[in-house]
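Overview (structure and organization)
Each chain, letter by letter, is given below.
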Amino acid sequence: MTESNAAAGSLTRPCVKCRAQEATLDSRSQPVCRDCFTKFIATKCIKQVGILGKETRPPPPATKTGGPPTDTRRYLLGLSLGVSSTALLHLLNGNVEFQLSRGRSAPFDLIVIHIDASGDDSSPDTEAILARYRARYPRFTFHCVPLSSAVANLDLSSLPILSKEDEEPKDPHWWKTLPTAASRTDVARLLTRQALLAQAVTHNCQALLLGHSTTALAELTLAEAAKGRGFALPWVVQDGFAPSLPSSLLLPVPHGGGDGEEGVTGDGEEGGGDDGEVIKEVLVYHPLRDALRKELVIYAGLVDPPLTELISNTRENKDDRAVVSHKDLSIEEVMLRYFAEVEESYPSVVANVARTTGKLVRAGEGPGGERCGLCGMPLDEDGDQRWRGELGIQERSAAGTGGRLCYGCERSTGG
Amino acid sequence: MAPALCANCKTERALIKRPKNHAKLCKACFIAVFEDEVHHTITSSQLFYPGEKVAIGASGGKDSTVLASVLKTLNERHGYGLDLVLLSIDEGIKGYRDDSLETVKRNAAQYDMPLKVVGYEELYGWTMDQVVETIGKKGNCTYCGVFRRQALDRGAKMLEIKHVVTGHNADDVAETVLMNLLRGDLARLSRSTSIVTGDSRSEVKRSKPLKYSYEKEIVLYAHHKKLDYFSTECIYSPEAFRGSARGLIKQLERVRPTAILDIVRSGEDMARLVPGESPSSCACKGQKRAAMAPAEDDVGGCGSQNGRTPGNEMAAMDKQLRENEANEGLEIDVGKAMSESKMSGSEKQRDLPIRSGNGASKAVPRQVRGNCKRCGYMSSQDICQACMLLEGLNKNRAQIQI
Ligand SMILES: [Zn+2]
Ligand SMILES: [Zn+2]
Ligand SMILES: [Zn+2]
Ligand SMILES: [Zn+2]
């Protein structure tokens, strides 16, 4: 006590947390040292991982013979290769290392999936980046899955863009042909999420971890509200079970595939082996929900060696690009710019947005409740009824077998 | 390039690109479609009953002028059987209302509707000029905002009219949805999206027939119908959250024109997801009357319609939230922490500084929802804000007279 006070006395700007080191950073308008800052971020993350750990009891044995040890939890991390998901990966790795260093077993297995929405096959560029990740975090398994193949089985016959040309085989990257940047970005994001959930099921994972910061969740809240998906917001922003997936999305996992992953088998025994019909519930968690994006950016630069080495620079400088036309902007980009400003001046307001959405009730999950054919979220029967034929918005006759779409997905795919 | 034909009638030349969905229409079809949509809103929400006496809150601005014009047209075309009256509020600011009141007077003649102008002096015993004289320029926005919020209701009550319609448009509602998401006020989010406000306890019901109409289309409608309106730039700057939300909505509209309507839809849906807030509205299946919400915190179309605190409320709220976080971090008293988290969970919103600009109203214990003990106006407190302010003013006047 006296020691640290003495130390604090000799410092020009002591850290408010430890009072033992010089403060070099501002965290939530308080001067803190580098160590306390990284600890602060780690604590926020590990707290959430701890909550998830209580939710997920160890999974049943994958196979009766020679499966992996089954007393571990199994999570899937969606890696966008951006700052936040990379920071989450680093923190999860640190958590595992810490437990192992204490002589305990690893608290969870982690499979890292990057959904590649860019091209046909995972581009050599992406593979090179992933190689750097693999080298740095050898304990985890990394996969790159092209978005087009991940959602190839999704029944999208109700989408007008696809039902129009019945004869031709559908473009595997059909979403790229949508007329506006707002629609293309929206649909690619929805499909990526669906693909990650499907991967979590096929990899027998109990939870999907996403790197969303507080700021990203605030952006997501307002962006989805702006796209007419207010009804689904609690499902998207809160932690908890995802609505169950359409079975068409659940691709069988390649048995003993050459991707170096062992111990993942497709046939969960509790399903009685009927091919891929087992629909499991997946938890979706956002362990970085209490950290601001700007804090994660600082964090990425503070760890040794900095995470900035991993993160591809080509992906980040998109934000700096001058706005050419509003036609080329997505709603996500509008929100990104908006919250970058709000976060700078009013960080607590940003945090409050996600907290507020956390209080909304998840609705539409009841038995027999229909799901949107694209985003998979529960449909809002009452709202749709009320807005039927409303107000200059063209109504689309529900055709195809892909089922109905939610209001927001109708909007994004309607042109 | 051949002139494009109207997408609706396919005979006339398309002259108007609808802001709502970029459909290309001729002038006649645009006007017809605009009116049809308001009619659809009125009938699907069953806003009126035959023979109802309805006051149109008229400021002389574009929204209320278009509302008066459309309601007159629809009332005649579809035989609503409404008894329409124009109701104008005079704040008593010398020079400020002169032009707009002249506009309303001309509207009354043009639409052949009776006009009633009610002054703050009549309603409160104080004109805004007198308020400013007494308390100075600083903080008088709070008074004007609070008085204005109740003025239409009180004015209608004086005329024994039980229904006031206002010109709030889709942009206003969308703005309010985003604003309340930003300040984390779910209770207000829930209330602000409903088309009808005022519940069984309030004597005056309020509704917004232009709730789904785009501001830009209202301007176009006024232009093409050659309506006589007074274009005022609001003399007040909007409160920070509303200003921020407004800027965001303009950007979103540029990216995707339907965004405004989509936000309104989201707001309506989210209102049904607020714990403890009229879940009954989802039982309506779009058939029954729209659920009513108390009018206390109605949307303020123009920034001036809401009381606002001077200074930057976003900064103030940020500070308040940070203090809450700090307190939660330090909280050792488990009982208190638990009761706090319970409160924030469902029951009520924390009383943030935005809501009560002056210290006075903080001292009053909040009740769930009730009526002002003094004037009977709906209030979440024992004594409504207007009565609180009036009490202060009257004390002041007494002192001056002594
Ligand atoms: Zn420190
Ligand atoms: Zn959808
Ligand atoms: Zn036409
Ligand atoms: Zn009162």
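Named according to an unreviewed UniProt entry, chain B is Cytoplasmic tRNA 2-thiolation protein 1 originating from Parachaetomium inaequale. Quoted verbatim from the Pathway (unreviewed entry) field of the UniProt record, the comment on chain B reads "tRNA modification; 5-methoxycarbonylmethyl-2-thiouridine-tRNA biosynthesis." Recorded in UniProt under Sequence similarities (unreviewed entry), the annotation for chain B is "Belongs to the TtcA family. CTU1/NCS6/ATPBD3 subfamily."

Per an unreviewed UniProt entry, chain A is named Cytoplasmic tRNA 2-thiolation protein 2, and its organism is Parachaetomium inaequale. The heading Pathway (unreviewed entry) in the UniProt record of chain A holds the text "tRNA modification; 5-methoxycarbonylmethyl-2-thiouridine-tRNA biosynthesis." According to the UniProt record, the Subcellular location (unreviewed entry) comment for chain A is "Cytoplasm".

Some points on the coordination of the zinc ion (ligand 2)
Residues and elements named next belong to chain A. Ligation of the zinc ion (ligand 2) by protein atoms is provided by Cys372 (SG), Cys375 (SG), Cys406 (SG) and Cys409 (SG), these donors lying 2.2 to 2.3 Å from the ion. Around the zinc ion (ligand 2), the 4 donor atoms sit at angles spanning 104 to 116°, and that spread fits a shape best called tetrahedral. Each donor residue of the zinc ion (ligand 2) lies on the same chain, and together they follow the pattern C-x2-C-x30-C-x2-C. One end of the pair, Cys372, is in the loop between α13 (347-357) and α14 (381-386); the other, Cys406, is in the loop between α14 and α15 (407-413), with 34 residues separating them in the sequence. Taking the relative accessible area as the measure of exposure, Cys406 reaches 9% and is therefore buried.

A look at the coordination of the zinc ion (ligand 4)
Residue and element names in this part refer to chain B. Donor atoms from the polypeptide that bind the zinc ion (ligand 4) are Cys372 (SG), Cys375 (SG), Cys384 (SG) and Cys387 (SG), placed at 2.2 to 2.3 Å. The site at the zinc ion (ligand 4) holds 4 donor atoms, and with the angles between them running 106 to 115°, its shape is tetrahedral. Of note, the donors binding the zinc ion (ligand 4) are all from one chain and are spaced C-x2-C-x8-C-x2-C. Separated by 12 residues along the polypeptide, Cys372 in the loop between β10 (366-371) and β11 (378-381) and Cys384 in the loop between β11 and α15 (385-401) bring together distant segments of the chain.

So, helix α11 (residues 259-271) of chain B
Here α11(B) contains 13 residues, and its C-alpha end-to-end distance of 18 Å stays within 8% of the 18 Å for a straight helix at 1.5 Å per residue. Most of α11(B) sits out of view: 13 of its 13 residues are buried.

Section: the side chain of B:Asp171
Residues and elements named next belong to chain B. If you trace the backbone, Asp171 turns up in helix α7 (residues 170-182). Here Asp171 falls in the buried class, since its relative accessible area comes to 4%. With near-sequence residues (within four places) excluded, Asp171 lies in contact with Ser213, Tyr214, Glu215, Ile249, Lys250 and Ile260.

Quick look at helix α9 (residues 215-224) of chain B
Residue and element names in this part refer to chain B. Where α9 is concerned, the buried positions are Glu217, Ile218, Tyr221, Ala222 and His224. As for α9, its buried residues are in contact with β1 (16-17), α1 (27-44) and α2 (62-78). Two residues or fewer past α9, Lys226 is found with a positive phi of approximately 50°.

Rules behind the numbers
- Residues numbered from 1 in each chain as written.
- Chains lettered and ligands numbered in written order.
- Predicted model: local features only at pLDDT ≥ 70, side-chain atom pairs only at ≥ 80, totals over all residues.
- Heavy atoms only, no water.
- UniProt positions renumbered as here; feature names shortened; annotations may be inferred.
- Donors = N, O, S within 2.8 Å, 3.2 Å for Na, K, Ca; no water.
- Tetrahedral: all angles 85-135°; square planar, octahedral: opposite > 155°, others 65-115°.
- Helix = DSSP H or I, 4+ residues; strand = E, 2+ residues; numbered from the N terminus.
- Buried < 20%, exposed > 50% of the residue type's maximum accessible area, 1.4 Å probe, protein only.
- Expected span 1.5 Å × (residues − 1).
- Contact = heavy atoms within 4.5 Å.

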